[in-house]
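# Secondary and tertiary structure notes
One-letter residues, chain by chain:
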Amino acid sequence: MALLELIDVSVHYGSIRAVHGISITVEEAEIVTLIGANGAGKSTTMRAVSGIRPLSSGKILFDGQDITKLRADLRVVRGISQAPEGRGVFPGMTVMENLDMGAFTRKDKKGIAADRDRVFDLFPRLAERRTQVGGTMSGGEQQMLAIGRALMANPRVLLLDEPSMGLAPQFIQQIFKIITEINKQGTTVLLVEQNAQQALSRAHRAYVLETGTITREGTGKELLSDESVKAAYLGVT
Amino acid sequence: MHHLITYLADAPWITFNTGAFSDQFWASTFDGLTYGSIYALVAMGYTLVYGVLQLINFAHSEVFIVGVYATVFALNAMGFGPSPVYPPMVVLIIDLLVAMVAAMIASGLTALILERVAYRPLRKRNAPRLVFLITAIGASFTIQYLIFVWRGGSNAEPATIMFVPDPVFEVFSTIIDSQQLTIFIAAIVLMVVTDQFINRTKFGRGIRAVAQDPDTATLMGVNKERVIMLTFVIGGVLAGAAALFYLMKVPQGASFNGGFVLGIKAFAAAVLGGIGNIRGALLGGLLLGVVSNYGVTLLGNSSWTDVVAFVVLVVVLMVRPTGLLGESLGKARV
């Protein structure tokens, strides 16, 4: 049974259709990536999975249970955690407070402390800056904080929305390495990316999203060598 | 322009009483701080709701006046009335605390119901901001006239005297009385507790998260609706406390539209300090209280108090459009 399953999902903004009848499956322990151009509906899909955007039709199953109508904050309790597009670091909170926000729904103090250590191991930079206010950090640091914060929920599936956006090349490498590391530690990852090269080479499976519909799917390797994907997303002709 | 200045300078209706001002400087300051702490308590409600919803809750003045009525009824039930009674100190303190709790409950509930009935349905429909504002004004009038009908007209309730102020000590050869001291200390304690609640507790962090980024707060598992409810209740409870202090100062303060002017001033205090900023509300409230009192002493006529207060507000906003401490609840770190 898949951990996360989107079945024929459509999402509208008013009368504008952002996502049209897409189906995506994420198995436990996988990295699944969703690639596509700006405005293809990638972030909308992520928002729908997290529950901050309602579906106009279709179903979302998590761990076999229908969560289509479940309130967003309760989905976090179930084990769905997201580092949103644009990072969403709370600008007026310190690194520590931001991380604590990630563990907002949890009460197990020991588990929280253990996860904080895990986050600091993955991102030593955050440990150095624990009292710095989020708003004053660089883009790369904010991205680390956003991912670390999402991990603080101890999620079963981690949703990452364009973690490489706006980052310097050395940071992009580092972030992708860490995503693989997080996955190796046992967390399932659903990754939305415009950086198709990196995303496809790290992902087990991938979907290509074009103007709200899925046009291709396969393993990361398959899509990396797919001619049309190469032409459209990898800058190879 | 020149004519206007000459006219104003010669105007018989405006006189600067600098002698009285220097004589009564400290007295005006201390009394201003007393009023100011009441403004500040009410200002907290405006600022908290604005911080979380970017909504100016114009009906907050009625949340406050409901608390004033609750104070009157609670005190009357305990035997307080138009002429002072002199219960033993301990009994008096307990009575006042009971009245305060009654007012806090009444105002807190009013704020909660207001949120449920007036604002939540609009949020569900994604109504534009202007609609919220009009609704707030409508809610303000609705509560006013509900009170009007209930009390059978516009007459204020008979005075309720809690205690006769005694001198406690003297600073700069100015007497500080027990009333000023009670109000100032209690108000500051309540505001510090609120500030610490917002900045140090988990629920407080949830409130700040929603203020800074509501969608991301939801992604962290914060129940936004619950945070909004809590914010209204906290604002209401503080307004309830303010109601007791207000009635101490103004024993005939319970009238159907008695919250209006105080509400406007508290709102001005919130804007002066930087709306959305809790410490700004405190600073703005105290400053507004002191400055409007200076206006009264300097111009020798209490009709000027509001004029002076709003002139100061306008001048400050010209220099610092975001208020003295600027930034919103969200962004202000400490």
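The rules behind each value
- Residues numbered from 1 in each chain as written.
- Chains lettered and ligands numbered in written order.
- Predicted model: local features only at pLDDT ≥ 70, side-chain atom pairs only at ≥ 80, totals over all residues.
- Heavy atoms only, no water.
- Contact = heavy atoms within 4.5 Å.
- Buried area = accessible area lost by both parts, 1.4 Å probe.
- Salt bridge = Lys/Arg side-chain N within 4 Å of Asp/Glu carboxyl O.
- Polar contact = N/O pair within 3.5 Å; in protein donor to acceptor, adjacent residues only side chain to side chain.
- Helix = DSSP H or I, 4+ residues; strand = E, 2+ residues; numbered from the N terminus.
- Nonpolar A, V, L, I, M, F, W, Y, C, P; charged D, E, K, R; others polar.
- Pairing = 2+ DSSP bridges.
- Axes fitted to C-alpha atoms, helices over the stretch in contact; angles between N-to-C directions.
- Parallel < 35°, antiparallel > 145°, perpendicular 65-115°, else oblique.
- Left-handed = near helix turned anticlockwise from the far one by under 90°.

Listed as interface residues are 25 residues of chain A and, on the opposing side, 20 residues of chain B. At the boundary of chain A with chain B, total buried surface from both sides reaches about 2000 Å², with 64% on carbon and sulfur atoms. Linking chain A with chain B are three salt bridges. One salt bridge in this structure joins D215 of chain B and R47 of chain A, with 2.9 Å as the shortest N-O distance. Where chain A meets chain B, there are five residue pairs in polar contact (both at pLDDT 80 or more). Elements with a contribution of two residues or more to the side of chain A that touches chain B: α1 (42-50), α2 (72-78) and α3 (95-102) of chain A. Top contributing element to the side of chain A that touches chain B by residue count: α3 of chain A, with four residues. Residue classes in the side of chain A that touches chain B are distributed as eleven nonpolar, seven polar and seven charged.

Another aspect to go through is the sheet that holds strand β3 (residues 31-35) of chain A. Residue and element names in this part refer to chain A. Strand order across the open sheet formed by six strands is β6-β7-β8-β3-β9-β10, with mixed pairing between neighbours. Looking at strand neighbours, the two that pair on one side only are β6 (80-83) and β10 (213-219), the edges of this open sheet. For this sheet, the mean inter-axis angle between neighbouring strands, taken without regard to orientation, is 15°. Inspection of the sheet shows β3 paired to strand β8 (residues 188-193) by five bridges, in the parallel sense. For L34, the partnering residue across the bridge sits in β8 and is V192. Where helix α6 (residues 139-151) meets the sheet, it contacts β6 and β7 (157-161), and its direction lies at approximately 170° from that of β6. Sheet strands in contact with helix α7 (residues 169-184) are β3, β7 and β8, and its direction is about 155° off that of β8.

Now for the pairing of strand β2 (residues 174-177) of chain B. Residue and element names in this part refer to chain B. Across four bridges, the pairing between strand β1 (residues 167-171) and β2 is antiparallel. By the bridge assignment, F169 is partnered in β2 with I176. Linking two consecutive strands that pair antiparallel, namely β1 and β2, is a turn of two residues; a positive phi of about 45° is found at F172 within it.

Let us now look at the packing of helix α4 (residues 60-77) of chain B against helix α10 (residues 224-249) of chain B. Residues and elements named next belong to chain B. For the pair α4 and α10, the least separation of the axes is 8 Å and the interaxial angle reads 55°. Classified by the angle between their axes, α4 and α10 sit oblique to one another. The crossing of α4 and α10 is right-handed. Of α10, the residues touching α4 (which contributes H60, V63, F64, G67, V68, T71, V72 and L75) are G235, G236, A239, A242, A243, L244, Y246 and L247. For the contact of α4 with α10, the class distribution of residues is eleven nonpolar, five polar and no charged.

From the geometry alone we can't say anything about function, so treat these as descriptive.
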